[in-house]
Amino acid sequence: MARESVSPIARNKSEPEQSKSDMSMMRIAVAGTGGLARLIAHFIQQDTGHHVVLLSREEKPQLSRDYQVTVVDYGSLQSLQFALRGIDTVISTVTGLSQLELIKAAISVRVRRFAPAEFEGLPSMRRPNSPLDRGRSAARQYLETTQYQMQTTSFICGILYERFQPLGLAGSGIGLGSGLSSEGDFVMNCRAMSAQAPAYNANNMPNVTICMTAAQDVGKFVTKALDMPQWPPELRMCGQRIEVKDLVGMVQRLRGQDFDPIQWHNPASLRSALELATAQQDRATMLRLHALIATAEGRFDFAQTNLNQLFPDVRTISFQTWFLAKWGTPPSG
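Residues numbered from 1 in each chain as written. Predicted model: local features only at pLDDT ≥ 70, side-chain atom pairs only at ≥ 80, totals over all residues. Heavy atoms only, no water.

A complete count under the given rule lists 11 aromatic pairs for this structure. Plain terms: the ring middles of Phe164 and Phe319 are 5.9 Å apart, the flat faces sit at 85 degrees to each other, and that makes the pair edge-to-face. Residue Phe164 is located in the loop between β8 (159–160) and β9 (188–189), and its partner Phe319 is located in helix α11 (residues 319–327); the two are separated by 155 residues in the primary sequence. With respect to burial, Phe164 and Phe319 carry one shared label: buried. Ring geometry for Phe319 against Trp322: centres 5.6 Å apart, planes inclined by 35 degrees, an arrangement best described as tilted. Taken together, the residues span about one helical turn, with Phe319 and Trp322 both in helix α11 at a distance of three residues. You'll find Phe319 and Trp322 in the same group, each marked buried. Grouped by ring-pair contacts, the aromatic residues Tyr161, Phe164, Phe186, Phe300, Phe319, Trp322, Phe323 and Trp327 constitute a single cluster. Lying across the ring of Phe186, Arg163 places its NZ or CZ 5.5 Å from the centre. (Phe/Tyr/Trp six-rings, centres within 6.5 Å; stacked < 30°, edge-to-face > 60°. Helix = DSSP H or I, 4+ residues; strand = E, 2+ residues; numbered from the N terminus. Buried < 20%, exposed > 50% of the residue type's maximum accessible area, 1.4 Å probe, protein only. Lys NZ or Arg CZ within 6 Å of the ring centre and 35° of its normal.)

Soluble, globular proteins show a tendency: their nonpolar side chains are buried together. In terms of nonpolar packing, the biggest core is built from 41 residues, with Phe164, Met188, Met212, Leu247 and Phe319 touching the most fellow members. By residue number, the principal contributor to this core is helix α9 (residues 283–296), which donates eight residues. If you look at the next biggest cluster of nonpolar residues, it comprises 34 residues, including Ile174, Ala215, Val218 and Leu235. (Core = buried A, V, L, I, M, F, W, Y, C linked by side-chain atoms within 4.5 Å.)

Their axes nearest at 11 Å, the elements helix α7 (residues 244–255) and α11 cross at an angle of 40 degrees. With respect to α11, the axis of α7 lies oblique. Relative to α11, the crossing made by α7 is right-handed. The segment α7 lies against α11, with Leu247, Met250, Val251, Arg253, Leu254 and Arg255 engaging Phe319, Gln320, Phe323, Leu324 and Trp327. Of the residues assigned to the contact of α7 with α11, the class counts are eight nonpolar, one polar and two charged. (Axes fitted to C-alpha atoms, helices over the stretch in contact; angles between N-to-C directions. Parallel < 35°, antiparallel > 145°, perpendicular 65-115°, else oblique. Left-handed = near helix turned anticlockwise from the far one by under 90°. Contact = heavy atoms within 4.5 Å. Nonpolar A, V, L, I, M, F, W, Y, C, P; charged D, E, K, R; others polar.)

Along helix α3 (residues 77–84), the residues that are buried comprise Ser79, Leu80, Gln81, Ala83 and Leu84. Residues of α3 that are buried in the fold lie against β1 (27–31), β2 (51–56), β3 (68–71), β4 (89–92) and α4 (96–108). Trailing α3 by a residue or two, Gly86 shows a phi angle of about 85 degrees, which is positive.

Turning to the sheet that holds strand β13 (residues 240–243), a few remarks are in order. The three strands are arranged β8-β11-β13 in an open sheet whose pairing can be described as mixed. Looking at which strands have only one partner, the edges of the open sheet turn out to be β8 and β13. Sheet strands in contact with α7 are β11 (209–213) and β13, and its direction is about 100 degrees off that of β13. (Pairing = 2+ DSSP bridges.)

Attention shifts here to the state of the cysteines. Within this structure, the stated rule accounts for zero disulfides. Take Cys211: it sits in no disulfide, and the sulfur closest to it among the cysteines is that of Cys238, at 3.8 Å. Residue Cys211 is classed as buried on the basis of its relative accessible area, which comes to 0%. Among the residues examined, Cys238 registers a relative accessible area of 10% and is labelled buried. (Disulfide = S-S within 2.5 Å.)

Structure (structure tokens):
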């Protein structure tokens with residue numbers, strides 16, 4: 001599937017341009033209280049004059065010390081409408097039916113902008129009915145029908161660095177319901193030094209490439225985007241773009257040892273492995289293989305990054321610097 005280009009100055013012509021003075025003080029709702037939601041809220045609160053509200057399914061006494069936390073029932077339109085009254089922009093990190101209800105409530109109380117829970121690869125390259133979807137495509141389709149009522153964009157960051165940290169994404173409280181948040185669930189286990197590397201494309205060339213971003217940089221870019229007068233359909237960011245084979249080599253060097261075992265894959269070998277896992281009803285392995293197939297097919301690779309271009313003052317952290325901070329330097333000798 002061809003990748004669409006993204007202009008850093010693309011406009012949603014259905015919305016009048018809003019002046020910066022109108023946006024000096026906005027009320028922002030961040031739906032969710034996981035690690036990514038908290039990072040986004042942190043940078044909004046630290047770097048802007050906007051008021052941020054975290055939407056939570058339950059009381060969060062510890063979070064309430066630093067943020068306004070509003071308890072919502074995603075099964076109740078009235079609860080969501082009450083929470084969103086006076087909100088300008090919603091940043092969602094919740095998926096499935098909860099997100100659809102959140103969109104309906106946002107429209108009904110005239111929220112101006114809504115960013116759905118994407119925060120990964122290119123939505124246009126997500127396979128229909130993929131187990132990786134988790135209702136995201138349905139949310140995007142519904143938002144497309146509301147373009148004259150509410151601006152929307154998808155924040156695209158590729159692979160989060162945190163997949164490769166001790167404890168994986170779960171170590172930062174990210175993606176806990178995805179089935180892919182544990183250490184070693186994606187490409188490589190940097191503690192056990194084992195890997196399934198989707199480095200080869202369909203033509204068996206070892207040039208599969210991915211874009212990666214640290215979660216803290218995602219929070220910074222999302223915060224910057226709040227003050228954009230208009231949102232284009234996609235806002236893309238990247239901390240480091242690298243070939244999978246080079247990423248494997250870098251981690252080996254930084255850990256001071258080789259992956260053993262390591263399996264090198266192309267889409268065909270991954271599909272064969274998926275057939276076996278499906279026959280065995282090994283759902284955890286099936287999900288991991290779907291993520292590797294998407295990687296080999298290029299879903300997490302994009303050359304144009306309009307957020308990096310628009311906000312060069314956001315100095316993204318390199319993967320090597322981030323990795324060494326998480327794992328330390330390898331033993332000498």
